[in-house]
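Below, each chain spelled out in residue letters.
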Amino acid sequence: MTRTKRAGLLLVVTLALQPIAAQAWWAWNRHEVLPVQEGVWEVVSRVGSSPQDYWCGIGDFAIRQLRTGAAQRIYIWEGVGPSVNRPQKRSVKFALTPPPGADTSSSYSLSIKRPGENISANLARSYCYNHFADPFYLRP
């Protein structure tokens with residue numbers, strides 16, 4: 001075996017033995033959505049992220065990546081806090097099922113703090129569309 005082939009084989013084996021980093025999925029608003037555990041995902045913040053940005057990220061992910069129905073409820077699993085996958089960043093963790101013992105009653109605010117808070121995937125995704133920034137949106 002030539003030296004080049006040995007080096008190539010060593011590189012392949014080394015890469016194969018390294019832990020695989022979580023694969024990021026990028027939402028329409030460029031927020032990362034990463035897996036945390038089975039059935040739980042986190043939306044990682046960007047500078048200036050608002051509650052609408054987190055909900056947009058998970059709503060877009062649920063509909064386009066997971067292929068959920070528009071009426072599927074999305075629940076906050078864990079409110080805004082440190083990211084599991086991106087140190088020094090904040091995230092909100094979401095799931096398609098409520099966390100055990102969480103209050104899932106509806107509220108009138110768009111929260112990213114209360115576990116159990118939930119909205120439909122379609123409503124969450126609707127926060128992706130900012131008509132004031134869209135030059136093609138016809139303003140009344």
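The sections below set out a description of the structure shown in this document.

Definitions and limits used
- Residues numbered from 1 in each chain as written.
- Predicted model: local features only at pLDDT ≥ 70, side-chain atom pairs only at ≥ 80, totals over all residues.
- Heavy atoms only, no water.
- Pairing = 2+ DSSP bridges.
- Helix = DSSP H or I, 4+ residues; strand = E, 2+ residues; numbered from the N terminus.
- Phe/Tyr/Trp six-rings, centres within 6.5 Å; stacked < 30°, edge-to-face > 60°.
- Buried < 20%, exposed > 50% of the residue type's maximum accessible area, 1.4 Å probe, protein only.

1. A few points about the sheet that holds strand β3 (residues 40-44)
Then, in step 1: Overall, antiparallel pairing links the six strands, which are arranged β1-β2-β3-β5-β4-β6 in an open sheet. A strand with exactly one partner marks an edge of an open sheet, and here the two such strands are β1 (25-26) and β6 (118-120).
Then, in step 2: Of the pairings in the sheet, the one linking strand β4 (residues 73-82) to β6 comprises three bridges and is antiparallel in character. When the bridges of β6 are listed, Tyr75 appears paired with Asn118.

2. Considerations on the packing of aromatic side chains
Then, in step 1: Within this structure, the stated rule accounts for four aromatic pairs.
Then, in step 2: Seen in terms of ring centroids, Trp55 and Phe94 are 4.9 Å apart; in terms of plane orientation they differ by 65°. Their pairing is edge-to-face. One end of the pair, Trp55, is in helix α2 (residues 51-65); the other, Phe94, is in strand β5 (residues 90-95), and 39 residues separate them in sequence.
Then, in step 3: Classification of Trp55 as buried rests on a relative accessible area of 0%.
Then, in step 4: On the accessibility criterion, Phe94 (0% relative accessible area) is buried.

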